[in-house]
Structure formats: structure tokens, C-alpha cells
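Per-entry structural report
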Amino acid sequence: MQNTAGVTITPDGAAIRWRRRGAGEPILLISGQAVGSASWDPIVPALGADHEVITFDLRGIDGSTTGDAPAWTMEQFAADALAVLRDASVTSAHVIAHSMGGRVAQRLAIAHPEVVATLTLIATTGGDAGGVARDAEASRVLASGGIAELVPYFFAPDGDRADMARFLQREASIAARRGHYTASLGHDA
């Protein structure tokens, strides 16, 4: 299995860390709100058996820096994803995205349909304005980013503890977590 890594520098100076594993048709995996790309690690080996799998840390998460933009948007996150694909010399990829990553993927597909071979969206919406309103307590927990509070929203009580820890472990400042949350609130596809 091929395993390479890179850093893409955006126009506003953010350093976006990405990894490539496997070989075959490319798949781009986009993580959810304030979740590191390691959240995909449990499924990368299976996907990498037949595909080139690219993961990246969204701005402000784990190995990626924030850049100088005053506020983040889904369009900006989508531009980051496109820049990662270009730096990885990928012209088209199957895009699989979770939660806020699904919102990023929607923006990527709208702005650059030529780079999205297929689009798989998991637990996401087209935006809060046209969708079913999220429960107020769920919004509070997502905004807080508290690991212990998030676990019941993503896993069954008898879920694999190692997978839970991997999914929810990330380095992110409160400002970065809030930046993700605010950008997600502004999404309307």
C-alpha cells in the first residue's frame, strides 16, 4: 500500500496536511466538524486495497493551520479540498464525506463538478435554512466540541472504544472548533 503525505499551502497561508494511502481510483475522504482525518483510519485499509485514499485535516484541526481568513466558509473549505487534490495530482476523485465534511463536499461538487467522480454524503444536510432544525441540545454539544458529550451522538453504547477514541481525538483550539461550527451554520446548498 502506497503511503505518502503532503502539505498544501492555501492563498491565505493555511497549511493543510494530507495523506495518501493505497492504489487505484482516487477517493477523497472529508471529515466532519472539528474532527481530524484520523477519524477515517478504521476504514482506510479496506478502501486502500482497491483505491488511492486521500484524507486531510480541515483548517485548524490536528496538522493543519488556520490561515489568515477572518471567518471560514464552506466555500473556503471546498477550495482547500480542491487544492489538496491538485497538489496530489488528482484530477477526479470519488468523494465521501461525513457531517460538516458533507457540506464541504456539496460545495466542492457545486463549484467544481469535474473533480467529483461520485459523491457519497453521510449524516449531513444541505443546510440549516432548508432542512429540519437540529435539536437545541445537539447544537449545544456540537458547538462545545466536548469529547465526552459527543460520544453518544456518534456511537452506540456498546461501540468499539478504540474506534470511538480515534474518531473523536483531535487537536483543535476552541476558536477553530467555533470557526467550524459557524461556517457550518452558514451553509446553504
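Residues numbered from 1 in each chain as written. Predicted model: local features only at pLDDT ≥ 70, side-chain atom pairs only at ≥ 80, totals over all residues. Heavy atoms only, no water.

What to know about the overall build of the protein chain
Of regular secondary structure, the protein chain possesses 7 helices and 6 strands. Relative to a compact globule of 189 residues, whose C-alpha radius of gyration would be 16 Å, the protein chain shows 16 Å and is just as compact. Every one of the 189 residues in the protein chain was classed for burial, and the buried ones make up 48%. Taking all contacts inside the protein chain whose residues are at least 6 apart in sequence as the whole, residues at least 24 apart take part in 68%. Accessible area for the protein chain stands at about 8,800 Å²; split by element, carbon and sulfur atoms hold 57% of it. Looking at the protein chain, you have 15 positive and 21 negative side-chain charges, and the mean spots of the two groups are 3 Å apart. (Helix = DSSP H or I, 4+ residues; strand = E, 2+ residues; numbered from the N terminus. Rg over C-alpha atoms; globule rule 2.2 N^0.38 Å. Buried < 20%, exposed > 50% of the residue type's maximum accessible area, 1.4 Å probe, protein only. Contact = heavy atoms within 4.5 Å. Areas by Shrake-Rupley, 256 points an atom, 1.4 Å probe, with all protein chains shown as cover. Lys, Arg positive; Asp, Glu negative; His and termini not counted. Charge placed at Lys NZ, Arg CZ, Asp CG, Glu CD.)

Quick look at the sheet that holds strand 4 (residues 51-56)
Taken in spatial order, the 6 strands make up an open sheet running 1-2-4-3-5-6, and their pairing is mixed. Each of the sheet's edge strands pairs with one partner strand only, and the pair in question is strand 1 (3-9) and strand 6 (116-122). Neighbour to neighbour, the strand axes of the sheet diverge by 20 degrees on average, direction disregarded. As paired strands, strand 2 (residues 15-22) and strand 4 are joined by 5 bridges and run antiparallel to one another. Each bridged residue has a counterpart across the sheet, and for R21 the counterpart in strand 4 is V53. Lying over the sheet, helix 3 (residues 100-111) contacts strand 3 (25-30), strand 5 (93-98) and strand 6, oriented at roughly 145 degrees with respect to strand 5. (Pairing = 2+ DSSP bridges. Axes fitted to C-alpha atoms, helices over the stretch in contact; angles between N-to-C directions.)

Notes on unusual backbone geometry
Not every positive phi belongs to a glycine, and D62 is a case in point at roughly 45 degrees. Residue classification places D62 among the partly exposed residues on the basis of a relative accessible area of 27%. For A123, which is not a glycine, the phi torsion comes out positive at approximately 50 degrees. Look at A123 and you get exposed, because its relative accessible area is 59%.

Considerations on the environment of A93
Along the chain, A93 turns up in strand 5. A93 sits 65 residues away from L28 along the chain, and the two C-alpha atoms are 6.1 Å apart.

Here we look at helix 7 (residues 174-185)
Residues lying three or four places apart along an α-helix face the same way, a consequence of the helix completing one turn every 3.6 residues. Helix length check: helix 7 (12 residues) gives 16 Å between terminal C-alpha atoms against 16 Å at 1.5 Å per residue, within 8%. Every buried residue of helix 7 is listed here: A176, R177, G179, H180, Y181, A183 and S184. In the core, the buried residues of helix 7 are packed alongside helix 2 (74-87), helix 3 and helix 4 (136-144). (Expected span 1.5 Å × (residues − 1).)

Brief notes about the packing of aromatic side chains
Going through the model one piece at a time under the given rule, you end up with 1 aromatic pair. With centroids separated by 5.8 Å and ring planes inclined at 70 degrees, the aromatic side chains of W72 and F77 adopt a geometry described as edge-to-face. The same class applies to W72 as to F77, namely buried. (Phe/Tyr/Trp six-rings, centres within 6.5 Å; stacked < 30°, edge-to-face > 60°.)

Brief notes about the pairing of strand 3
Within a regular beta strand, the side chains point alternately toward one face of the sheet and then the other, so they alternate between its two faces. The element strand 3 is largely enclosed, with a buried count of 5 among its 6 residues. Summarising the sheet, strand 3 and strand 4 pair through 5 bridges and their orientation is parallel. Looking at the pairing, L28 lines up with I54 of strand 4. Pairing of strand 3 with strand 5, which is carried by 4 bridges, proceeds in the parallel orientation. What sits directly across from L28, in strand 5, is V95.

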